[in-house]
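Residue-level listing of the chains:
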Amino acid sequence: MAAKPAAYTQPVNEIQIEDAYLNDCMSININQMIGFIDMMRINAPYATLAFYNGDTLITGANYFQLIGNMITIMQGLESGTITVVASEPGYPDKTVSLFFNLGQYIPNFVTPPTPLYTPCLEPNQVYNLSQQEIKSHLQQFLVNGSNLTLEINMIGGFSILNSGPISFQFRVQGESCWSHNFSMHVITVRKPDVDVLPDNNYTSNCENTFTVTEEIVQQSFGATSIYFGYEIKYNGVLQNLGQPVTLDFSVNDTDEIVVEFYYLSSPDCRATGILSIQQAAQINLDTQPVQDYLDNHTVSFCDAEDPTPQVQTIINYIALQYPGVTIAQSVDDIVAAFTNNNGQVAINLTMQGLCGTVTLLISYAVYAAPVIFPINTPILYSCGTFDLTLPGEEAFGNQDTNVYAVTYYTTETAATAGNTNSEFYIAAPNAYTTTLSSQQIWIRIENTGHTNCYATAVFSLQNEQLLQPQITVAGTNVLCVDYNTGQALNTVDLVAGTQNNNIIYNWYKDGILIPGATWHTYTANEPGSYTAAATLQQAPDCISQPSAAYEVITSGPAVPIGNGFTATPFDENGTVEVLVNGYGQYAYSVSPQGPWQDTTVFSGLTAGVYNVYVKDVTPGSGCGLTVIENIPVIFYRKFFTPNNDGVNDFWYIDDFDAFANCTVYIFDRYGKLLKELYPKSSNWDKKAWDGNNMPAGDYWFSIIFIYNGSQFEYKSHFSLIR
């Protein structure tokens, strides 16, 4: 009930609601009742309506059930009154009546009729429905329909082309009241509209089989609808329903495949089509001339090489000889059939539309590529001439010399080309000479059966120009040796060349190798004739010419013999002879500044104590200076005349005071000690110990002194003259 507007004041009993009448031949249905009630609601929009059959309230679980219950009551009574009470709170109720008189009985449906299916029709066939078909179908759904004899009034006629609704009325035979118009769906059951005799002819494959695919079915029969399916029969036997279907044919010239199409909704209504299959023809070629060509064109390649270009050339030749023929294998397939041995590969020829295979044979020879083993000697060292075979043998390893060969080149391009007539080819690798300081050499290892089956490697040459060593010294070539001990007092540093870690210097003394002497310098501590030769560290056979001999000579400081001198103390010439040994050449002087003399005898010396200097004057030497100290030169009076005339009145030793720790003893001819003289009382006046004057005659004396810790004594005589 709609909400009442605020301005609304008209009470329900003042609203005009009229009685309604339902007359003969009108069947009561829900739409009629809804229209009746809607009319009341228009006149009394805010009232509540209640329906009574007599005094019995008509109810329903919902609005439509309420209406259905009223219709049932009315159809059961055929005539009568339904009382309608309109109520609004605060106002008196208003009562109206629904009068009905149905007159004759019009059957009603228990359930709506389902679609009516026609028999199996041709694709475009028009079908004429009969009254009996419709009656038989409707009676299944009418109330007491099996007891009724109906008449049908078709609206639009009985001819059906396509599925769709048909309109009709019906009444019980003999009655005057027709039903309202009804609609019922009619389904036309038809065979699928396909080309059952297609123009397409098919050929079996070369195995005499044929595969029926969905694509073939659609193309051949024009079967593109998604609403029908098909089944395949061969020799009356249903094949697998899965797609595609492969059929094996007997050896016949032609054969037929039956295809039955049906709508999915009507699988029993079928259209039958026929596929005609022809047996494939056989290929027939004269292959002998081409096979002769192939026998003379072996595919020869290295296993590291792609034989595809050679195979492609042969394939092109075959295609040229047999136009229209297809080679079954691709070039890649043929190449993949090659193994690492010599052999043959079959090439299968086919022709479109023809069956059978013609086989040709390609001969091939596979040559194993050489392996480059690690080169453990990547750099060769020499001094102009190299033996290249060592790194070549290392790269070659243990491979078969009957299969592989090694050649050497000075450029990578020449090694890759493998041209032994090239200027870069090395014909004598065991005695290769070069003036370059460094160089790369390329090794080519080739399978002798196939020039393109090769591998290359590279190593380096390091060329050291070994010059003849030249020995020099940093200083002197004189070896100072102590004469007494034989011990060298210095060393001689010999230099053969510049330092180079790649070069070994072998040193020789007097032609004999000095063990362990391999440096560019050598410290000599023995005299002798020294030579040196340079050798490459990495190439011991690479030896220079030996150097010129260099002499290390012996010298040394002078060594005194005994005290180092002899002197005749009372020699009138003042002579001293120096006594020394040594390895050197010496000069002598009584002064450290010289002058120097080369003799050992000094004469004409005045009385005194001398130091004699002996120096080594060997050329280049510096073996030092030897000093012989405290050499006495002694003079005395041969006679004296003690007569007090002022001339030769005393006897004495010249420069007596120069001799320290010196004592002179004077004796008579009988050996009697007459006097002792000391440096401070250095003369004799002829008197003896007792003060008596001694007579004229010869007298003896001895002089004793200490030198370098040793005692020396000299004796002689003189005369006393009166």
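Look a little higher up for the structure.
Worth saying up front: this structure is predicted, and the values here are computed from it rather than measured. (Residues numbered from 1 in each chain as written. Predicted model: local features only at pLDDT ≥ 70, side-chain atom pairs only at ≥ 80, totals over all residues. Heavy atoms only, no water.)

Bringing helix α3 (residues 131-138) into the picture now. Along α3, the residues that are buried comprise Ile134, Lys135, His137 and Leu138. When α3 is viewed along its axis, its buried side chains cluster within an angular range of 165 degrees and face the same direction. Looking at the buried positions of α3, the neighbouring elements they touch are β6 (116-117), β8 (150-155), β10 (164-172) and β11 (182-187). (Buried < 20%, exposed > 50% of the residue type's maximum accessible area, 1.4 Å probe, protein only. Helix = DSSP H or I, 4+ residues; strand = E, 2+ residues; numbered from the N terminus. Arc of directions from axis to C-beta. Contact = heavy atoms within 4.5 Å.)

Spatial strand order, β25-β31-β30-β27-β28: five strands in an open sheet with mixed pairing. Pairing within the sheet leaves two strands with one partner each, and these edge strands are β25 (379-382) and β28 (425-426). Where β25 and strand β31 (residues 454-463) come together, four bridges link them in parallel fashion. Residue isoleucine 379 lies in a different strand from β31, and its bridge partner there is serine 460. In this fold helix α8 (residues 389-396) packs onto β25, β27 (404-409), β30 (438-447) and β31, with an angle of close to 140 degrees to the strand it touches most, β27. (Pairing = 2+ DSSP bridges. Axes fitted to C-alpha atoms, helices over the stretch in contact; angles between N-to-C directions.)

Here we take up helix α5 (residues 288-295). Every buried residue belonging to α5 is among Val290, Gln291, Tyr293 and Leu294, and all of these are buried. An end-on view of α5 places all buried positions within 155 degrees of arc, on one side of the element. In the core, the buried residues of α5 are packed alongside α6 (308-321) and β24 (358-367).

For the rest of this paragraph, the subject is the environment of valine 633. When you line up the elements, valine 633 lands in strand β45 (residues 625-633). When its relative accessible area of 3% is taken as the criterion, valine 633 is described as buried. Linking valine 633 and aspartate 571, residues 62 residues apart in sequence, is a C-alpha distance of 8.5 Å.

Okay, the packing of α5 against α6 next. Packing of α5 against α6 brings their axes to within 11 Å, and their N-to-C directions diverge by 165 degrees. Compared by their axis directions, α5 and α6 come out roughly antiparallel. The hand of the α5/α6 crossing is right-handed. Seen from α5, the contacting residues are Val290, Tyr293 and Leu294; seen from α6, they are Ile314, Tyr317, Ile318 and Gln321. Here the contact of α5 with α6 is built from residues that sort into six nonpolar, one polar and no charged. (Parallel < 35°, antiparallel > 145°, perpendicular 65-115°, else oblique. Left-handed = near helix turned anticlockwise from the far one by under 90°. Nonpolar A, V, L, I, M, F, W, Y, C, P; charged D, E, K, R; others polar.)

Our focus in this paragraph is the pattern of salt bridges. This structure, assessed with the given rule, holds eight salt bridges. A salt bridge links lysine 191 to glutamate 122, with the nearest nitrogen and oxygen atoms 2.9 Å apart. Within this pair, whereas lysine 191 is found in the loop between β11 and β12 (201-203), its partner glutamate 122 is found in the loop between β6 and β7 (127-128), the two being separated by 69 residues in sequence. Classification of lysine 191 as partly exposed rests on a relative accessible area of 23%. Exposure remark for glutamate 122: the relative accessible area of 39% places this residue in the partly exposed category. Across the pair arginine 444 and glutamate 446 runs a salt bridge whose closest N-O atoms are separated by 2.8 Å. With a relative accessible area of 1%, arginine 444 lands in the buried category. (Salt bridge = Lys/Arg side-chain N within 4 Å of Asp/Glu carboxyl O.)

With that settled, the discussion passes to the sheet that holds strand β36 (residues 512-513). Strand order in the open sheet made by the five strands is β33-β39-β38-β35-β36, with mixed pairing throughout. Looking at strand neighbours, the two that pair on one side only are β33 (478-480) and β36, the edges of this open sheet.

Position of phenylalanine 182 among the secondary structure elements: in strand β11. Placed 27 residues apart in sequence, phenylalanine 182 and isoleucine 155 show a C-alpha to C-alpha distance of 9.4 Å. Every residue in contact with phenylalanine 182, bar those within four places of it in the chain, is listed here: Phe109, Ile166, Ser167, Phe168 and Phe170.

Scanning the model with the defined rule gives 24 aromatic pairs in all. Within the aromatic cluster, the residues linked to one another by ring pairs are Phe640, Trp651, Trp684, Tyr699, Phe701 and Phe718. The ring of tyrosine 454 has arginine 444 sitting right over it, with the charged end atom 4.0 Å from the ring centre. (Phe/Tyr/Trp six-rings, centres within 6.5 Å; stacked < 30°, edge-to-face > 60°. Lys NZ or Arg CZ within 6 Å of the ring centre and 35° of its normal.)

For the rest of this paragraph, the subject is the nonpolar core. Ile318, Phe338, Ile347 and Leu349 are the most contacted members of the largest nonpolar core, which has 25 residues in total. Among the elements of the structure, α5, β20 (299-302), α6, β21 (325-327), α7 (331-337), β22 (343-351) and β24 are those that each provide at least two residues to this core. In terms of residues, this core owes the most to one element, β24, which gives five residues. Every residue in contact with phenylalanine 338, bar those within four places of it in the chain, is listed here: Val299, Phe301, Pro307, Val311, Val345 and Tyr364. (Core = buried A, V, L, I, M, F, W, Y, C linked by side-chain atoms within 4.5 Å.)

All quantities given are derived from atomic positions and should not be read as evidence of function.
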